[in-house]
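A closer look at the structure
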Amino acid sequence: MEATVTTANSEEKTWGGGNEPMGASYGKLMMWFFIVSDALTFSGFLAAYGFSRFKFIETWPLADEVFTHFPFLHGVSAPMYYVALMTFILIFSSVTMVLAVDAGHQMKKDKVVLYMFLTIIGGFIFVGSQAWEWKNFIKGEYGAIETKGGSLLQFVDKDGKRVALADFAVTLPEEREQLKRNKAKWFMEEGELPSYSVAEVQAGFKAHPDLLIRTEIVNANKQKTILSRKESETRLSQAHYVVEGANLIRNEYGSKLFADFFFFITGFHGFHVFSGVIINIIIFFNVLLGTYDKRKSYEMVEKVGLYWHFVDLVWVFVFTVFYLV
Amino acid sequence: MSHEHASNVGRIWKVFGILSAVTILEVFLGIFKPEALHMNSLMGMNLLNWIFYLLTIYKAYYIVWAFMHMEGEKSSLRNAVVFPLIFLILYILFIFLTEGDYIYEVFKNSTIKWNF
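Residues numbered from 1 in each chain as written. Chains lettered and ligands numbered in written order. Predicted model: local features only at pLDDT ≥ 70, side-chain atom pairs only at ≥ 80, totals over all residues.

Things to note about the overall build of chain B
Regarding its fold elements, chain B presents four helices and two strands. Referenced to the eigenvectors of the C-alpha coordinate spread, the extents of chain B come out at roughly 65 × 35 × 25 Å. Looking at the 116 residues of chain B, the share that counts as buried comes to 16%. Of the contacts formed within chain B by residues at least 6 apart in sequence, a portion of 42% connects residues at least 24 apart. (Helix = DSSP H or I, 4+ residues; strand = E, 2+ residues; numbered from the N terminus. Buried ≥ 20, exposed ≤ 12 C-beta atoms within 10 Å, placed from the backbone. Contact = placed C-beta atoms within 7 Å.)

Below is the structure:
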C-alpha cells in the first residue's frame, strides 16, 4: 500500500528529498511522464503525416470526399457527421471518467462504479465505430484506375459526380484466375483480383461517352481537376491496374501514403483506446472489490483517468488533422 | 492527496458544454467551408485551417486543464509537462514541414518527375 499511495512526509521541501516531488505522488508523476513521451510519439506520427502531405500537397485526397458514410444512410453523402459523433462519444466518456475521479475524491464507491462503467461502455462504442469506419474505408465505394506512372484516375459524369466502376464497366469474355499456392509452387501466390480487369474498364469507358476522368490534382478552386473527354481517353490508355477500396499498397482515394497514414495513426490511436478500456476494466473490478475503499484512496482511478483523457486529447488532434484540415 | 476534496461537477459539465460547442462549430465549418475563409490564406495556410488548429488547441487546453486537472497541479509539474511538449512539437513540425515542402518543389520544378 505504501508503494502505491504515498502519504508520509509530503510536507517536506519538494526538492529536498521529500517523496512527492512537484506535489504529485510517484504513480501520478510517472503517468504524466508516460503521457509526455506518448504525446511526442503521436506528434512524430502526425508530423510525418504533415511531411508526406506537404510533399504531395497538390494531389492529396480531400477528406470530405473520402469519409462520407453514416450508419443506416446508404448512398447519402454525409461527410464528417459520423466522425463528429465518434468525437462526441469519446469526449462524453472523458466526462464520465472525470466524474468517476470526482466521486472517488469523495469516497463514493457506488458513483465511481457507475461512472467507470459508463466510461468503459463509451470506450467500446468508440472502438466499434472506428472498426466500422475502417470497414468502409477498406471496402471503398467507387473504385479507380492506377496508371503506369502511379497516379490515380477516378471517374465522374458530366456534372462532376463520382461514378462507380460497377456502373459502367463491361464484362468481357476473358478469365483471369487468381494465382494460389495450391495451383502453383508454395511460394507463388497473389492477392485477390479486382472485380474488373483494366480492359473491361477501358471498354466500358468507351461505351459511355458521357464519362470523364478526374485526376488527383487539386486546382485553384480546391477541387480535383476533371479532364476533357479527349484527355481522359489518353490518360486511360495508360491504365495499369484497377484499384478497389484501400490497403497498405494502394487505395482508390488518391495518394498511397494517405491510406498508410490513416491506418497507422488511427490504428495506433484505436489501440490506445482499446488498452485504455482494458485498464479501465481492471480498475473497475478493483473498485467493485473495494480495493480502493480499503486503501482509503481512489488515486488509482485518477491515474487511469489521466491516461483516458490523454487518449481523448490525441483524438482531438487526429480529428483535426485527418478530417478537417 | 493534498487537493481539497470539494466536488466540481458543475465545472465538468461546463467544460463538456464548451468542448461540444467547439466540436459542432468545427464540423459546421468543415461541411460548409465558407469561401471567405477557405480561399484566403495567411502565412501559407488558409484561414479555415488556422481556425481549425486554434480551436483544436483551445479544446486541448480544456481537456488538459480541466479533465486532467492540470490547473490543480503545482506550477513545476505544469511546466515540466507543457513546455517540453510545446517546444519539441513546434520544432519537429517546423523541420518536417519545411522538408516536405522542399521535396514538393523538387518534384515540381526540377527534372525529377513524379506524375507521368
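Picking up where we left off.
With respect to the domain arrangement of chain A
As far as domains go, chain A holds domain 1 (38–140 + 258–324) and domain 2 (144–244). Relative to domain 2 of chain A, the C-alpha centre of domain 1 of chain A lies at a distance of 36 Å. (Domains from an automatic or database assignment.)

Side note on the UniProt feature "transmembrane region" (unreviewed entry) in chain A
Under the UniProt annotation, "transmembrane region" (unreviewed entry) lies at residues 29–51, 80–100, 112–132, 261–285 and 306–324 of chain A. What you have in residues 80–100 of chain A is 95% helix and 0% strand, and the ends, taken at the C-alpha atoms, are 30 Å apart. (UniProt positions renumbered as here; feature names shortened; annotations may be inferred.)

Notes on the interface of chain A and chain B
Contact with chain A, which involves 46 residues of that partner, is made by 47 residues of chain B. Those elements giving two or more residues to the side of chain A that touches chain B turn out to be helix H1 (26–55), helix H3 (81–105) and helix H9 (299–324) of chain A. No other element matches H1 of chain A, which puts 13 residues into the side of chain A that touches chain B. Classifying every residue of the side of chain A that touches chain B by side-chain character gives 25 nonpolar, 16 polar and five charged. (Nonpolar A, V, L, I, M, F, W, Y, C, P; charged D, E, K, R; others polar.)

Details of the domain arrangement of chain B
Its domain assignment divides chain B into domain 1 (1–72) and domain 2 (74–116). Placing the centre of domain 1 of chain B and that of domain 2 of chain B at their C-alpha centroids yields a distance of 23 Å.

Quick word on the packing of H3 of chain A against helix H1 (residues 9–32) of chain B
Close contact between H3 of chain A and H1 of chain B brings their axes to 10 Å; oriented N to C, the two are set at 170°. With respect to H1 of chain B, the axis of H3 of chain A lies roughly antiparallel. Where H3 of chain A abuts H1 of chain B, its residues Ala-84, Thr-87, Phe-88, Ile-91, Val-95, Val-98, Leu-99 and Asp-102 of chain A lie against Val-9, Ile-12, Phe-16, Leu-19, Ser-20, Thr-23 and Val-27 of chain B. For the contact of H3 of chain A with H1 of chain B, the class distribution of residues is 11 nonpolar, three polar and one charged. (Axes fitted to C-alpha atoms, helices over the stretch in contact; angles between N-to-C directions. Parallel < 35°, antiparallel > 145°, perpendicular 65-115°, else oblique.)

Regarding the packing of H9 of chain A against helix H3 (residues 47–67) of chain B
At a minimum axis separation of 10 Å, H9 of chain A and H3 of chain B run at an interaxial angle of 175°. On the basis of the axis angle, H9 of chain A is roughly antiparallel to H3 of chain B. Note on element contacts: H3 of chain B touches H9 of chain A through Phe-52, Tyr-53, Thr-56, Lys-59, Ala-60, Ile-63, Val-64 and Phe-67 of chain B, opposite His-309, Asp-312, Leu-313, Val-316, Phe-317, Thr-320 and Leu-324 of chain A. Taken together, the residues of the contact of H9 of chain A with H3 of chain B break down into 10 nonpolar, three polar and two charged.

As for the nonpolar core
Counting residues in hydrophobic clusters, the biggest one holds 71 residues, and the most contacted among them are Val-83, Ala-100, Val-112, Met-116 and Val-301 of chain A. Of all elements in the fold, only H1, helix H2 (63–66), H3, helix H4 (109–139), helix H7 (256–289) and H9 of chain A together with H1 and H3 of chain B reach the threshold of two or more residues within this core. Looking at this core, the element that brings in the most residues is H9 of chain A, giving 16 residues. Once residues within four sequence positions are removed from consideration, Met-116 of chain A is found in contact with Ala-100, Asn-280, Ile-283, Phe-284 and Val-287 of chain A. Counting residues in each nonpolar core, the second largest holds 16 residues, with Ala-144, Ile-145, Phe-168 and Phe-205 of chain A among its members. (Core = buried A, V, L, I, M, F, W, Y, C linked by C-beta atoms within 7 Å.)

Topic: the sheet that holds strand S1 (residues 144–147) of chain A
Residue and element names in this part refer to chain A. The strand order across the open sheet formed by five strands is S4-S3-S2-S1-S5, and the pairing between neighbours is antiparallel. Edge strands, defined here as strands with exactly one partner in the open sheet, are strand S4 (224–226) and strand S5 (239–243). Averaged over all pairs of adjacent strands, the angle between strand axes in this sheet comes to 40°, irrespective of strand direction. Across two bridges, the pairing between S1 and strand S2 (residues 152–156) is antiparallel. Paired with Ile-145 across the two strands is Leu-153, which belongs to S2. Together, S1 and S5 form the strand contacts of helix H5 (residues 198–207), whose direction differs from that of S5 by roughly 100°. In the packing of helix H6 (residues 229–237) onto the sheet, contacts are made with S1, S2, strand S3 (212–218) and S5, and the angle to S3 comes to roughly 80°. (Pairing = 2+ DSSP bridges.)

Concerning the UniProt feature "transmembrane region" (unreviewed entry) in chain B
All names here are of chain B. Per the UniProt record, "transmembrane region" (unreviewed entry) is annotated on residues 12–32, 47–68 and 80–98. In the segment residues 12–32, helix accounts for 100% and strand for 0%; the C-alpha atoms at its two ends are 30 Å apart. Taken end to end, residues 47–68 is 95% helix and 0% strand, and its first and last C-alpha atoms sit 30 Å apart.

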